[in-house]
Amino acid sequence: MAEILTVFYSLKGETIAPGMKIVKLEKGHTAVAAEFVQKAVGGDIFELETVKTYIEDHMKMIYEAKEELEKGIYPELKNYPDIDKYDTIFLGFPNWWNTIPTPMFNFLKRYDWSGKRIIPFVTSGGGGLGRSIEDIKKICVGAEISNGGEFLGHEVETAEKEISNWAKDAI
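Asker: Teacher, can you tell me more about the overall build of the chain here?
Answerer: Looking only at helices and strands, the chain features five helices and eight strands. Its helices and strands taken in sequence order, the chain reads β-β-β-α-β-α-β-α-β-α-β-β-α from the N to the C terminus. Its C-alpha atoms give the chain principal-axis dimensions of about 45 × 35 × 25 Å. Out of the 171 residues belonging to the chain, those deemed buried represent 51%. Excluding contacts between residues fewer than 6 apart, the proportion of contacts in the chain whose partners are at least 24 apart in sequence is 78%. With 20 positive and 27 negative side-chain charges, the chain shows a spacing of 2 Å between the two charge centroids.

Asker: Please explain the packing of aromatic side chains as it appears in this structure.
Answerer: In this description, an aromatic ring pair is defined by two values, namely the gap between the centres and the angle between the planes. Applying the stated criterion across every chain, the model contains ten aromatic pairs. Summarising the aromatic geometry, the rings of Y54 and W96 are spaced 5.4 Å apart at their centres and angled 85 degrees between planes, so their arrangement reads as edge-to-face. Of the two residues, Y54 is situated in the loop between β4 (44-48) and α2 (58-71) and W96 in the loop between β5 (88-94) and α3 (102-109); the sequence distance between them amounts to 42 residues.

Asker: Looking at this structure, I do not really get the nonpolar core. What am I missing?
Answerer: Across soluble globular proteins, nonpolar side chains have a tendency to be buried as a group. Counting 33 residues, the largest nonpolar core has L91, M104, F107, L108, W113, I136 and C140 as its most contacted members. Secondary structure elements with two or more residues in this core: β1 (4-9), α2, β5, α3, β6 (117-124) and α4 (132-139). Excluding anything up to four places from it in sequence, I136 contacts L91, F93, I100, L108, I118, P120 and I145. Membership of the second largest hydrophobic core comes to 19 residues, among which are F8, A33, V37 and F121.

Asker: Looking at this structure, how should I read the pairing of β6?
Answerer: Both faces of the sheet carry side chains from a regular strand, because those side chains alternate between them. Of all eight residues in β6, seven are buried; the element is thus mostly enclosed. Of the pairings in the sheet, the one linking β5 to β6 comprises seven bridges and is parallel in character. The residue of β6 that forms the bridge with P94 is T123. Tracing the backbone out of β5, into α3 and back to the parallel element β6 gives a crossover that is right-handed. In the sheet, β6 pairs with strand β7 (residues 144-145) via two bridges, with the strands oriented parallel.

Asker: What am I meant to see in the environment of S124 here?
Answerer: Mapped onto the fold, S124 is located in strand β6. The buried category is assigned to S124, whose relative accessible area is 12%. Sequence separation of S124 and I16 is 108 residues, and the distance between their C-alpha atoms is 9.8 Å. In this structure, S124 is in contact with N95, F151, L152 and G153, ignoring residues within four places of it in sequence.

Asker: Before we go on, may I ask you to explain α3 in this structure?
Answerer: Residues that lie three or four places apart on an α-helix share one face, since the helix turns once every 3.6 residues. In terms of burial, α3 is largely enclosed, as seven of its eight residues are buried. Where α3 is concerned, the buried positions are T102, P103, M104, F105, N106, F107 and L108. On the buried face of α3, the contacting elements are β1, β4, α2, β5 and α4.

The rules behind each value
- In this convention, every chain numbers its residues from 1, walking through the sequence in written order.
- The predicted nature of this model means local features are confined to residues of pLDDT at least 70 and side-chain atom pairs, given and counted, to a pLDDT of 80 or more, with totals for whole chains, interfaces and linings taken over all residues.
- The side-chain values count all of the structure's non-hydrogen atoms but skip hydrogen atoms and water molecules.
- A run of H or I in DSSP becomes a helix once it reaches four residues, and a run of E becomes a strand once it reaches two; helices and strands are each numbered from the N terminus.
- For every residue, the accessible area (1.4 Å probe, protein chains only) is compared with the maximum for its type, and the residue is labelled buried under 20%, exposed over 50%, or partly exposed between those bounds.
- Residue contacts are defined here by distance: any two heavy atoms, one from each residue, within 4.5 Å place the two residues in contact.
- Charge counting treats Lys and Arg as positive and Asp and Glu as negative, with His and both chain ends excluded.
- To locate a charge, take NZ of a lysine, CZ of an arginine, CG of an aspartate or CD of a glutamate.
- The rule is short: rings of Phe, Tyr and Trp, with Trp giving its six-membered ring, pair when the centres are within 6.5 Å, and they are stacked under 30 degrees, edge-to-face over 60, tilted in between.
- Note on terminology: a nonpolar core comprises buried Ala, Val, Leu, Ile, Met, Phe, Trp, Tyr and Cys residues joined through side-chain atoms within 4.5 Å.
- At least two DSSP bridges between two strands are required for those strands to pair.
- Orient the strands so they point away from the viewer; a crossover is then right-handed if the path from the first strand over the helix to the second runs clockwise.

What follows is the structure in C-alpha cells.
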C-alpha cells in the first residue's frame, strides 16, 4: 500500500472571482481542494507556508509573484516536510503566471525525487495546469509525474465529489 502525502501551497485573503470581482477568502481554494484530496485517499497532509508575507492587495500581489518568477526568487518556507517515507505525493498549488508558485519551486528544489510518484493538482481561474507539469519534471528528476488535475478555484468549495473521485482515480 502506498504511503501518501498531500503537500499544498495556498493563499488566503484577496483573490479574483468570476467577473473580475475581488473576494476575501478565509481559506484558500487550494487548501480546500487539498483537504478533499487527503480525505479521499488518506495519508498525511502538509501545508507549505512562506516566511515572508505577500501583499494583501491581490492585484499588487500577482505582480509581486511575477517579479519573483522572472528573477528566480523562491521565497523561504517556514517548515519543510520529511518526504522520505512517502512514495506518492499529491502536490497542490494555485496557477501563478501559468506555472507553480515561486514558493513551490523552493519546496521542490530541496529534495531528491528519485522513485517518488507526484500527482499534481491546480486551482485556477481558468488557466489550468499551464506549463507546471513541464516545470515540475525539470526539477523532480527521477520522479514519475502524472498528468494532474485541474479545478476552478471559485468552484472548489462545491466540488468535493469531483475532487475526491479524481484523487481516487489518480492513485
